[in-house]
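Each chain, letter by letter, is given below.
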Amino acid sequence: MVQSYLRHGPTQAFGLVCSSSSNSVFDGKLAYVPALEDVLVWDVKKGRMLAMWHETGHRAEVTCIQRSPQSQVFAVGYADGSIRLWNAASESVITTFNGHKKAITSLAFDEPGTRLASGSQDTDLTIWDVVGETGLYRLRGHRDQITSIRFLPSSRDLPSTSTSTNPGYLLTSGKDTFVKLWDLSTQHCVQTIVAHRSEVWSLDMNREQDLFFTGSGEGEVKAWRIDADILSTGLKETETGEVAQFIHLVASLPLASRHRVSQISFHPTQAYVSVQSHDRSVEIFRIRTKEEIRKKQARRKKRAQEKKKQGKAAAEEQAEEDEPEITLVDMFTPHLVVRASGKIRSFDYGSDDKNAKPGIQLFVALNTNTVEVYNVPPPTKSKEDAPEATRSFSVDLPGHRTDVRSLCLSSDDQILASASNGSLKIWNMKTTSCIRTMDCGYAVCSTFLPGDKHVAIGTKSGEILIYDIASSTLIDTIQAHTATVWSIQVRPDERGMVSGSADKDVKFWDFEQKDAAGDGVQSGRLITLVHMRTLKMTDEVLSVRYSPNVKLLAVALLDSTVKVFYQDTLKFFLSLYGHKLPVLAMDISHDSKLIVTCSADKNVKIWGLDFGDCHKSIFAHEESVMQVAFEKGSHYFWTAGKDKMLKYWDGDKFEGIQKLDGHHGEIWALAVSNHGNFVVTGSQDKSIRIYEKLDEPLFLEEERERELEQIYEAGIADAMNREDAPIGSGVEDGLTPSTTQAEVTAVSKQTTETLMAGERIIEALELADTERATFRGYEEAMAKLSEDDPMRLQPPARNPVLAAYDLEPEAYVLRIVEKVQSATLHDALLVLPFGKIVSLMYYLTAWAQKGWNIPLVSRIMFFVLKVHHHQIVANRIMRTTLIPLRRHLRAALQSQKEMMGYNLAALQYMKRRNEAERTAQFYEEEDWDEDKVRARIAEGKKRKRVTIKA
């Protein structure tokens, strides 16, 4: 009988407020922040998480978030190059766009929110049609990662007959020091500026869209003016024969610091611009009006004249102009600096709330897993009390500021303690909410003490700290060692504990009960430690472990060996040597027969505790193995490594059972449930994850096959996405150099989903073709016989699939094609061989004739003709299919066009009628002339509250 195991699956990820992989978005009340592969929605005022946008099975990190002008839609870019459009109300994915090879670095919507531009680390710029859910085209020209994108509306008034469907311009900046202006109607770059000497990290445009700022890696901010007249006329030559420039440099803005300018942002409605160039602060500039600048210049002039009168001014005073020129530096005046409590990842403005205090809200997402909201007051008249930003809200309790270094579970698996540099947090395992937070030093190891009311922490400074959970207070600090306490463990008989440290000592402690002091917040009996004896070692101690039968004690040393002693007499028993680098953790099985050790040499070794023989050495992880733990009551064990993987092993058969990914940083901590039904991991990415045992059985052969299939499928998709240079071109690895690529190309990327969709279409075509051939043969045979011929037979049985759905072959193929997502349809059609394209043409004709889903038919038709043009033209058989297809499709499209025209005319009629009624109403209310009325309608009349008397 083949042995089966139970599968484990990820169920929860918590401990995250906001990760530093992406920017965040704030709307005045809710913050939309990245949390590794998810997006969290926080109510910052209440500090409560309202939603988590999670797509099952998707593991790539969020790298960019952008809100659409249609306020409920968000575009989220991921590290694998995919973009998902999320609906905030339903918390579901509207569509997925796949077109980039590397992480998405910037996203931008145009004004109506119908087009989305995405920039990536693969240097491509892609324009997507949000409504049609397809990629329009890909623009190439940048030599390095694209850092910012902005749409510029084109002021061209195109006639209604114009074929240009998407006028407008696009402004992009990149790490290649360039700022590029793209004309979207011709799909080409019309101006390239070498903006800075180093990378351009940020770009933003003012509300009037005639001025934009760029920020560089050297802390320099430059302002550029956009020439609206040239923008409206397009590329034209001047009288001298040169091409007119769209963008001109205006000036540089002086900043307080010379760090990298990582974000520049203009306030959407008020006259502020903010620049983040220092790690922990955001500089806010106020944009002055022309009147303010004139007043200030007049004041300066007056002051200069007064000085002159007093004789302090220099004799050769230069004659001042009557109207000094307004410079850019005069327009932008430093307002104040917002200093956050940690490194800033990104900032955003809150929307203007009528009821809120004057000033603006500034939302700041920090690298330390925190978000903060600051209130920025408006400028004051007096010079004495300079305005200062005040922190109004902060969300930081539901997560650690630094890496999670240690985890431990209470004996009933109800409570989890997690420790990091600076804080110890207690979590409820059912609700995964943080119920206690206590300050501590740099925690390295932790354990619950008997009774589950206290937690002991070993720190880097050599102290053991004991906390009371109920009152969340530190009740005892024991200066146990002179160097880092690497390991502590409670003795299995629960009467004492052992600690091992880098000062080469192993110390044994007994628990002692003491009464709480009368004036303290604690009540009942408190536990304290009494030092009993010390075992001196030859090298630093990295881990200590008791055997569950309390007979042996294992000590792992820095010299890569593990020494085993008798627990009662501390006599030496065994030395386990074989690891090439130090053993970082170890565990002993429930029956005290096996000890498993994991080391920085990436290996896990399983030893027998009777003779100290090595049963097996397994190459377990790609990096150092940080933690190992046996599952309670079995010889199965878990290992966690710096390669971000958690693995499950069989200690008797020395087989890997399951690999679990999920973390985006090195896994430091591991805790296995005392009942063996789940495992918890803590990582450098500040998240804590739970993997639960499911009821689903797992067979090793099937699991290996599944892993190989995944590698194979990923390999196929990668091979199809390679853009190979022609053979004999002498290019290394056969990859095309970026310089020879076309500036504008189609958007396509093969993924496992598109390959499977293509295969489903092929299967449907084969099934339908077979069915049609069978019935055609039957009909031909019957046509030769007369009506009353005894040889007439029953019609053949229908295909069971078609019979089950009760569909004709044509309808079945349409059903399958309609199920393919709009965004992946083109890539799926590329999978079809030409033979299948010929049979698909027949079905397209049938659908056009019956008027089924004409938009889809047209889309497939045009794409297929474009891709397979040469073969279709060279093939005479295709004429018989193409001529009826053209006839049917034209008729169907004509009827659709007529219907749309009729509907448009009706809507315009209703709009005119509505306007006429409103105008008439105004005439009756107020004795105005028509112009006044039209002006008032344009403004939009505010409704008055009327009290109706009975």
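Everything numeric here is computed off the predicted structure, so don't read it as measured data. (Residues numbered from 1 in each chain as written. Predicted model: local features only at pLDDT ≥ 70, side-chain atom pairs only at ≥ 80, totals over all residues. Heavy atoms only, no water.)

A. Highlighting the overall build of the protein. Across its full length, the protein carries 13 helices and 55 strands. With the C-alpha coordinates of the protein rotated into their principal frame, the extents come out at 130 × 100 × 85 Å. Across the 950 residues in the protein, those meeting the buried criterion constitute 48%. Contacts in the protein between residues far apart in sequence, at least 24 positions, make up 51% of those at least 6 positions apart. Put simply, the protein shows about 48,300 Å² of open surface, and 50% of that area lies on carbon and sulfur atoms. (Helix = DSSP H or I, 4+ residues; strand = E, 2+ residues; numbered from the N terminus. Buried < 20%, exposed > 50% of the residue type's maximum accessible area, 1.4 Å probe, protein only. Contact = heavy atoms within 4.5 Å. Areas by Shrake-Rupley, 256 points an atom, 1.4 Å probe, with all protein chains shown as cover.)

B. Local environment of the confidence of the model for the protein. Chain-level pLDDT for the protein is 86 on average; 90% of the residues reach the 70-or-more range. When mean pLDDT is compared element by element in the protein, strand β48 (residues 625-630) scores highest at 96, while helix α13 (residues 930-939) scores lowest at 71. Counted against residues more than four places away or in other chains, residues 156-164, with its pLDDT under 50, gives 9 contacts. Every residue in residues 313-322 scores below 50 in pLDDT, and together they form 7 contacts with partners more than four places removed in sequence or on other chains. (pLDDT = per-residue confidence, 0-100.)

C. Highlighting the pattern of salt bridges. Scanning the entire structure with this criterion turns up 27 salt bridges. Here D110 makes a salt bridge to R115, at a shortest N to O gap of 3.0 Å. Taking relative accessible area as the criterion, D110 reaches 5% and is therefore assigned buried. The exposure class assigned to R115 is buried, which follows from its relative accessible area of 13%. One salt-bridge network, in which partners are shared between bridges, spans R7, E696, E703 and R706. (Salt bridge = Lys/Arg side-chain N within 4 Å of Asp/Glu carboxyl O.)

D. Region of interest: the UniProt feature "domain: Small-subunit processome Utp12" (unreviewed entry) in the protein. This chain's UniProt record puts "domain: Small-subunit processome Utp12" (unreviewed entry) on residues 809-912. The span residues 809-912 carries 85% helix and 0% strand; its end-to-end C-alpha distance comes to 48 Å. (UniProt positions renumbered as here; feature names shortened; annotations may be inferred.)

E. Main features of a positive patch on the surface. A cluster of like positive charges, contributed by K295, R299, R300, R303, K307 and K381, occupies part of the molecular surface. Mapped onto the secondary structure, R300 falls in helix α2 (residues 290-309). A relative accessible area of 44% means that R300 is categorised as partly exposed. (Patch = residues over 30% accessible without salt bridge, like charges linked within 9 Å, V, L, I, M, F, W, Y side chains within 5 Å. Lys, Arg positive; Asp, Glu negative; His and termini not counted. Charge placed at Lys NZ, Arg CZ, Asp CG, Glu CD.)

F. Here's a closer look at the sheet that holds strand β33 (residues 454-459). A sheet is described by the order of its strands in space; here 6 strands give the open sequence β30-β31-β32-β33-β34-β35, paired in antiparallel fashion. The open sheet has two edge strands, β30 (404-409) and β35 (473-478), and neither has a second partner. The average angle at which neighbouring strand axes cross in this sheet is 35 degrees, direction not considered. Where β30 and strand β31 (residues 415-428) come together, 5 bridges link them in antiparallel fashion. (Pairing = 2+ DSSP bridges. Axes fitted to C-alpha atoms, helices over the stretch in contact; angles between N-to-C directions.)

G. Seen up close, the environment of L856. Inspection of the secondary structure puts L856 in helix α10 (residues 854-867). Counting along the chain gives 34 residues from L856 to S822, while the straight-line C-alpha distance between them is 9.2 Å. If sequence neighbours within four positions are ignored, L856 has contacts with L814, V817, E818 and L825.

H. Seen up close, the packing of helix α9 (residues 834-850) against α10. Following both chains from N to C, one finds α9 and α10 inclined at 150 degrees, their axes separated by 10 Å at the closest point. Relative to α10, the element α9 lies roughly antiparallel. Crossing geometry of α9 relative to α10 is assigned as left-handed. Residues I837, L840, M841, L844, W847 and A848 of α9 form the contact with α10, whose participating residues are I854, V857, I860, M861, V864 and L865. Of the residues that constitute the contact of α9 with α10, the class distribution is 12 nonpolar, no polar and no charged. (Parallel < 35°, antiparallel > 145°, perpendicular 65-115°, else oblique. Left-handed = near helix turned anticlockwise from the far one by under 90°. Nonpolar A, V, L, I, M, F, W, Y, C, P; charged D, E, K, R; others polar.)

I. Fine view of the pairing of strand β17 (residues 188-194). Note: strand β16 (residues 178-183) against β17, 6 bridges, orientation antiparallel. For K180, the partnering residue across the bridge sits in β17 and is T192. Counted between consecutive antiparallel strands, the loop separating β16 from β17 contains 4 residues, among which Q187 sits at a positive phi close to 60 degrees.

J. Spatial organisation of the nonpolar core. L844, W847 and I860 are the most contacted members of the largest nonpolar core, which has 31 residues in total. If one sorts the elements of this core by residue count, α9 sits on top with 8 residues. Once residues lying within four places of it in the same chain are set aside, the contact partners of L844 are V857, I860, M861 and L885. Grouped together as the second largest cluster of nonpolar side chains are 19 residues, I193, F212, I230 and F246 included. (Core = buried A, V, L, I, M, F, W, Y, C linked by side-chain atoms within 4.5 Å.)

K. Structural detail: the packing of aromatic side chains. If you walk through the whole model with that rule in mind, you get 20 aromatic pairs. Pairing W53 with W86 gives two aromatic rings, centres 5.7 Å apart and planes at 20 degrees, and the pair type is stacked. Remark: W86 occurs in strand β8 (residues 82-87) and W53 occurs in strand β5 (residues 48-53); sequence separation between them is 33 residues. Residue classification places W53 among the buried positions, given a relative accessible area of 0%. (Phe/Tyr/Trp six-rings, centres within 6.5 Å; stacked < 30°, edge-to-face > 60°.)

L. Representation of α10. Spanning 14 residues, α10 covers 20 Å between terminal C-alpha atoms, matching the ideal 20 Å at 1.5 Å per step. Residues I854, L856, V857, S858, I860, M861, F863 and V864 constitute the buried set of α10. (Expected span 1.5 Å × (residues − 1).)

M. Representation of a negative patch on the surface. Together, E655, E701, E702, E705 and E709 line one region of the surface with negative charge. Sort the elements by how many residues they give to the negative patch and helix α4 (residues 700-721) lands first, with 4 residues. Within the secondary structure layout, E655 lies in strand β51 (residues 655-660).

N. Just the sheet that holds strand β46 (residues 603-608), in detail. The 4 strands are arranged β44-β45-β46-β47 in an open sheet whose pairing can be described as antiparallel. Edge positions in the open sheet fall to β44 (583-588) and β47 (614-619), since each of these has one partner strand only. On average, adjacent strands in this sheet sit at an angle of 15 degrees to one another, irrespective of strand direction. Pairing analysis gives 5 bridges linking strand β45 (residues 594-599) to β46, with the strands arranged antiparallel. Within β46, the position partnered with I595 by the bridge is W607.

O. Looking closely at the side chain of T214. In this structure, T214 sits in strand β19 (residues 211-216). Since its relative accessible area comes to 0%, T214 is described here as buried. Residues contacting T214, with those up to four places away along its chain left out, are V179, H196, V200, S202, L203, E220, V221, K222, W224 and I264.

P. Main features of the environment of S185. Within the element layout of this structure, S185 appears in the loop between β16 and β17. Linking S185 and I149, residues 36 residues apart in sequence, is a C-alpha distance of 17 Å.

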